[in-house]
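# Structural features, examined
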Amino acid sequence: MSISGALSNAMTGLRAAGRTSEVISANLANAMTPGYGVRNLSLSSSQLGGVAIDGVMRNVDPSLLADLRLADASFGNATDRTKFLNDFENLLGTPDQADSLAGRMAEFETTLITAASRPDAPERLNGVVDAARDIANLISAASDGVQQARSDADRSIQVQIDRLNTSLQNVKELNSQITRTISTGSDASALFDSRQAIVDEISAIVPVRLVPRDNGQIALYSTGGAILLDGGVAEIEFNAVNQVTPFMTLGNGTLSGLSVNGYPVRTDSARGTLGGGTLGAQFEIRDELGTSAQTQLDAFARDLVERFQDPAVDPSLAAGDPGIFTDAGVAFDPLNEVGLSARLGINADVDERQGGESWRIRDGVNAVTPGDVGDARLIQSLSDTLTAKRTPASGEFGAGAFSAMNLISTLTSQVGSDRSRAEQSLSFASSQFDELTQQILANGVDSDQELQRLLIVEQAYAANVRMIEAADEMMQTILRI
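Predicted, not measured: the structure shown is a model, and the values here were computed from it. (Residues numbered from 1 in each chain as written. Predicted model: local features only at pLDDT ≥ 70, side-chain atom pairs only at ≥ 80, totals over all residues. Heavy atoms only, no water.)

### What about the overall build of the protein chain?
Secondary structure assignment for the protein chain yields 11 helices and 11 strands. Compactness check: the protein chain gives a C-alpha radius of gyration of 36 Å against a globular reference of 23 Å for 481 residues, more than 25% above the reference. In terms of overall dimensions, the protein chain has C-alpha extents of about 140 × 45 × 40 Å along its principal axes. Counting all 481 residues of the protein chain, 43% fall into the buried class. (Helix = DSSP H or I, 4+ residues; strand = E, 2+ residues; numbered from the N terminus. Rg over C-alpha atoms; globule rule 2.2 N^0.38 Å. Buried < 20%, exposed > 50% of the residue type's maximum accessible area, 1.4 Å probe, protein only.)

As structure tokens, this is what we get:
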């Protein structure tokens, strides 16, 4: 080997050692950076002698990343669904709570029994009215809570759609930057990291599958089959409303659906084109879970109102007159059931807060003057109708007849069962996401290994320096001859 060849080889070794130390320092500096891909310098033997630097390799596991993205989307979906069902259960309360719907119905029954034993006692009649008011207020508040959750979901959908459109544009721009960077022979690893972080955010909203394209570019497809990015970017459109009401549904056109490039797509949980992530969960809350909860509340409110507006229960009522429980002050109309739970109230004629008189609990809602203060027949009739078994005219309570308390038990049992299943799904999704996250972290920067590599680089650097010193000494010897 000539002295010039030895110098050339040593210089390439120094360059390789210096570049490797740069890569190692970047790895150590980003050991805690989410989404950072570990870098390694790719080296090969040069045909001209020495070592050639082929470029920086970014080490990631595409399959593991794809699994993690899907798990993240599933975890976000399960989290949002479970939160809604937990909140709905809290609105109704559980049977062991005194201020729950079941507890207030039990209190209402107790006050009727107590009033029947002393129909002349105004405080006991007032207790019946107060207990009835508590039931109406809780049901109305539960309905308001459901509609607020649907409204929040509608607004969240708009926020997520805006973020999704922006993120897709950002990925498209990064695709172009990566192609330009690769074509100039520069290191595009930082751009790959940035793109991976944005794709992770997109997949949490809408689970996607990543398809590699030429020159470092990628395409994105939703797991439901929509093309989100493949050269061009899909335009996803949605129009939020200010406030969702019980009458507003996707089916009747009062709530917005989704469109991709101007074409409407399904948003239901079974076959939603962009479902599976947090976006799909919000659509499910707004259009499925929320509407189902409202339907059940309205069905229970209907059963309660119809029990007490029956002239056979209160002879002072004529057909079409409201009983103790009313639909915003009037009798219930079967053609206007939607939103009944939100409008449920107490008849003003028996409520002292509205200018009425509680003695009408004893003598009849439409009674003009007080009757025999010792007559408890009407109060007993009210108590009997509360415990009488009736087949619900609406709702999804299954076959059979129920007392008012049985109907509450069925309703709260359904809600509790739905919440329990959602929590099981959340537990599974959480475990899967945590396990995959740990695997990703295990494939991240290993500081011990990087330090070991740094020691090897240091030794290689010193050896190449010594080679240059030896060549210099030989040159100096030649010059002195």
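### Considerations on the packing of aromatic side chains
Applying the stated criterion across every chain yields a total of six aromatic pairs. Taking 5.8 Å as the distance between ring centres and 85° as the angle between the ring planes, the aromatic pair formed by Phe108 and Phe325 counts as edge-to-face. Residue Phe108 is located in helix H3 (residues 101–117), and its partner Phe325 is located in strand E10 (residues 325–327); the two are separated by 217 residues in the primary sequence. (Phe/Tyr/Trp six-rings, centres within 6.5 Å; stacked < 30°, edge-to-face > 60°.)

### Concerning the environment of Ser100
With respect to the secondary-structure elements, Ser100 resides in the loop between helix H2 (62–92) and H3. Separated by 10 residues in sequence, Ser100 and Asn90 have C-alpha atoms that sit 8.5 Å apart. Those residues in contact with Ser100, other than ones at most four positions away along the chain, are Leu92, Gly93, Thr94, Pro95 and Leu138. (Contact = heavy atoms within 4.5 Å.)

### Notes on the side chain of Thr181
Among the secondary structure elements, Thr181 is positioned in helix H4 (residues 122–183). Aside from chain neighbours lying at most four places away, what touches Thr181 is Ser186, Asp187, Ala188 and Leu191.

### Things to note about the environment of Asp321
Inspection of the secondary structure assignment puts Asp321 in the loop between helix H6 (278–308) and E10. Here the alpha-carbon distance between Asp321 and Leu289, two residues 32 residues apart in the chain, equals 34 Å. For Asp321, the side chain forms a polar contact with the main-chain nitrogen of Ala318, separated by 2.8 Å. Within the structure, Asp321 has its side chain in polar contact with the side chain of Asn366 (distance 3.0 Å). (Polar contact = N/O pair within 3.5 Å; in protein donor to acceptor, adjacent residues only side chain to side chain.)

### Comments concerning the sheet that holds strand E3 (residues 208–212)
Strand pairing in a sheet relies on backbone hydrogen bonds, with the paired strands running either antiparallel or parallel. Taken in spatial order, the four strands line up as E3-E4-E5-E6 in an open sheet, and their pairing is antiparallel. Of all the strands in the sheet, just E3 and strand E6 (232–233) have a single pairing partner and so form its edges. (Pairing = 2+ DSSP bridges.)

### Thoughts on the sheet that holds strand E8 (residues 258–260)
Reading across from one edge, E7-E8-E9 is the order of the three strands in this open sheet, with antiparallel pairing throughout. Taken across any chain shown, the strands that pair with only one partner, and hence form the sheet edges, are strand E7 (236–237) and strand E9 (263–265). Sheet topology places E7 next to E8; two bridges connect them, and they run antiparallel. What sits directly across from Ile236, in E8, is Val260.

### Comments concerning the pattern of salt bridges
For side chains of opposite charge, pairing can occur when their charged atoms come near one another. Tallied over the full model, the rule gives 25 salt bridges. We note a salt bridge from Glu423 to Arg419, for which the minimum N-O separation is 3.2 Å. Of the two residues, Glu423 and Arg419 are both situated in helix H10 (residues 404–442); the distance of four residues between them amounts to about one turn of the helix. For Glu469, the salt bridge goes to Arg466, with nearest N and O atoms at 3.6 Å. Separated by three residues within a single helix, Glu469 and Arg466 lie in helix H11 (residues 447–480), roughly one turn from each other. (Salt bridge = Lys/Arg side-chain N within 4 Å of Asp/Glu carboxyl O.)

### Let's talk about unusual backbone geometry
Phi is positive for Asn215, close to 60°, though the residue is something other than glycine. Note that Asn215 resides in the loop between E3 and strand E4 (218–222). For Asn215, a relative accessible area of 53% translates into the label exposed.

### Details of the side chain of Gln147
Residue position: Gln147 is located in helix H4. Accessibility expressed as a relative area gives 5% for Gln147, which makes it buried. A polar contact is formed between the side chain of Gln147 and the side chain of Arg150, at a distance of 3.0 Å.

### Some remarks on the nonpolar core
In this structure, Leu101, Met105, Phe108, Leu304, Phe325 and Ile361 are the most contacted members of the largest nonpolar core, which totals 58 residues. When contributions to this core are tallied by element, the ones reaching two or more residues are H2, H3, H4, H6, strand E11 (344–346), helix H9 (377–387) and H10. With 12 residues, H4 is the largest single contributor of residues to this core. When sequence neighbours within four positions are dropped, the list of residues in contact with Leu101 reads Leu92, Ile135, Leu138, Ile139, Phe300, Ile408 and Leu411. Listed in part, the 28 residues of the second largest apolar core include Leu220, Phe238, Val260 and Leu279. (Core = buried A, V, L, I, M, F, W, Y, C linked by side-chain atoms within 4.5 Å.)

### Thoughts on the packing of H6 against H9
Axes are the key here: two packed helices are described by the angle between their axes and the distance separating the axes. H9 packs onto H6 with a crossing angle of 150° between their chain directions and a minimal axis gap of 9 Å. In this view, H6 runs roughly antiparallel relative to H9, as classed from their interaxial angle. When you trace H6 past H9, the crossing you get is right-handed. Taking contact as the criterion, the partners of Leu304, Arg307 and Phe308 in H6 are, on H9, Leu382, Thr385 and Leu386. Each residue belonging to the contact of H6 with H9 can be placed in one class, and the counts come to four nonpolar, one polar and one charged. (Axes fitted to C-alpha atoms, helices over the stretch in contact; angles between N-to-C directions. Parallel < 35°, antiparallel > 145°, perpendicular 65-115°, else oblique. Left-handed = near helix turned anticlockwise from the far one by under 90°. Nonpolar A, V, L, I, M, F, W, Y, C, P; charged D, E, K, R; others polar.)

### Describing helix H1 (residues 3–29)
In this model H1 runs 39 Å from its N-terminal to its C-terminal C-alpha over 27 residues, within 8% of the 39 Å that 1.5 Å per residue would give. Residues of H1 that are buried include every one of Ala6, Ala10, Thr12, Gly13, Leu14, Ala16, Ala17, Thr20, Val23, Ile24 and Asn27, and no others. If you follow the buried residues of H1, they end up packed against strand E1 (38–45), strand E2 (51–59) and H11. (Expected span 1.5 Å × (residues − 1).)

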